[in-house]
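Geometric and topological summary
Now for the letters of each chain:
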Amino acid sequence: QVQLVESGGGLVQAGGSLRLSCAASGRTFSNYYMGWLRQAPGKEREFVAGILYSGGSTYYADSVKGRFTISRDNAKNTMYLQMNSLKPEDTAVYYCAADQRLQRVLVGTAGYWGQGTQVTVSS
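The rules behind each value
- Residues numbered from 1 in each chain as written.
- Predicted model: local features only at pLDDT ≥ 70, side-chain atom pairs only at ≥ 80, totals over all residues.
- Heavy atoms only, no water.
- Helix = DSSP H or I, 4+ residues; strand = E, 2+ residues; numbered from the N terminus.
- Rg over C-alpha atoms; globule rule 2.2 N^0.38 Å.
- Buried < 20%, exposed > 50% of the residue type's maximum accessible area, 1.4 Å probe, protein only.
- Contact = heavy atoms within 4.5 Å.
- Areas by Shrake-Rupley, 256 points an atom, 1.4 Å probe, with all protein chains shown as cover.
- Lys, Arg positive; Asp, Glu negative; His and termini not counted.
- Charge placed at Lys NZ, Arg CZ, Asp CG, Glu CD.
- Core = buried A, V, L, I, M, F, W, Y, C linked by side-chain atoms within 4.5 Å.
- Salt bridge = Lys/Arg side-chain N within 4 Å of Asp/Glu carboxyl O.
- Pairing = 2+ DSSP bridges.
- Axes fitted to C-alpha atoms, helices over the stretch in contact; angles between N-to-C directions.

Quick word on the overall build of the chain
For the chain, the count of helices and strands is 1 helix and 11 strands. Start at the N end of the chain and walk to the C end: the helices and strands fall as β-β-β-β-β-β-β-β-β-α-β-β. Computed over the C-alpha atoms, the radius of gyration of the chain is 13 Å, within 12% of the 14 Å expected from 2.2 N^0.38 for a compact globule of 123 residues. Dimensions of the chain, computed from the C-alpha atoms along their principal axes, are close to 40 × 30 × 25 Å. Put simply, the chain has 123 residues, and 43% of those count as buried. Intrachain contacts of the chain at a sequence separation of at least 6 include 55% that bridge at least 24 residues. Looking at the chain as shown, the accessible area adds up to about 6,200 Å², and 43% of this sits on carbon and sulfur atoms. In the chain, which carries 12 positive and 8 negative side-chain charges, the distance between the mean positions of the two groups comes to 5 Å.

As structure tokens, this is what we get:
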């Protein structure tokens, strides 16, 4: 059974940092795009960052470029999102997603999803 499990969310002051983790199990994601999406209260889910699990190519939403860094550790089957210079508008539930097609990760229709982790940034 495929599982994506996020961790690392929490409460942080504006300007602070958090690192999210997404542990994958149940299959090999070597040819999958993986990504982070977020959903704030009353808003639609939006793409944050993506990475080809084996190739290392990365993609970012304009709103997080220069502040967030996506990476992965294939030996641990884990993907990370390092979030620096956090802003109150980054407050959301962050979801890990995986799919063989990048477009599906970008638009939020990926085949595999984690349960989400809450990130709250106070001003």
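That covers the picture; the talk isn't over yet.
Here's the deal with the nonpolar core
Counting residues in hydrophobic clusters, the biggest one holds 37 residues, and the most contacted among them are Met34, Trp36, Leu81, Met83 and Tyr94. Mapped by element, the contributors of at least two residues to this core are strand 3 (18-25), strand 4 (33-39), strand 5 (46-52), strand 7 (68-73), strand 8 (78-83), strand 9 (92-99), helix 1 (102-107) and strand 11 (117-122). With residues up to four places along the chain from it excluded, the contact list for Tyr94 reads Glu6, Leu20, Trp36, Leu37, Arg38, Val48, Phe68, Leu81, Met83, Gly116, Thr117 and Val119.

Things to note about the pattern of salt bridges
Evaluated as defined, the whole model comprises 5 salt bridges. In this structure, Arg38 engages Glu46 in a salt bridge whose closest nitrogen and oxygen atoms are separated by 2.6 Å. According to the relative accessible area criterion, Arg38 is buried, its value standing at 5%. Among the residues examined, Glu46 registers a relative accessible area of 35% and is labelled partly exposed. Note that Asp90 and Arg38 form a salt bridge whose closest N and O atoms lie 2.9 Å from each other. Taken together, the positions of Asp90 in the loop between strand 8 and strand 9 and Arg38 in strand 4 put the pair 52 residues apart, joining distant regions of the chain. Through salt bridges with shared partners, a single network forms among Arg38, Glu46, Arg67 and Asp90.

Section: the pairing of strand 3
Note on strand geometry: in a regular strand, side chains alternate between the two faces of the sheet. Bridge count between strand 1 (residues 3-7) and strand 3: 5 bridges; the pairing is antiparallel. The partner of Glu6 across the bridge, within strand 3, is Cys22. The sheet contact formed by strand 3 and strand 8 spans 6 bridges and is antiparallel. Across the sheet, the residue bridging to Ala23 is Thr78, located in strand 8.

Overview of the sheet that holds strand 3
Spatially, 1-3-8-7 is the arrangement adopted by the 4 strands of the open sheet, whose pairing is antiparallel. The sheet is open, and its two edges are formed by strand 1 and strand 7, each paired on a single side. On average, adjacent strands in this sheet sit at an angle of 15 degrees to one another, irrespective of strand direction.

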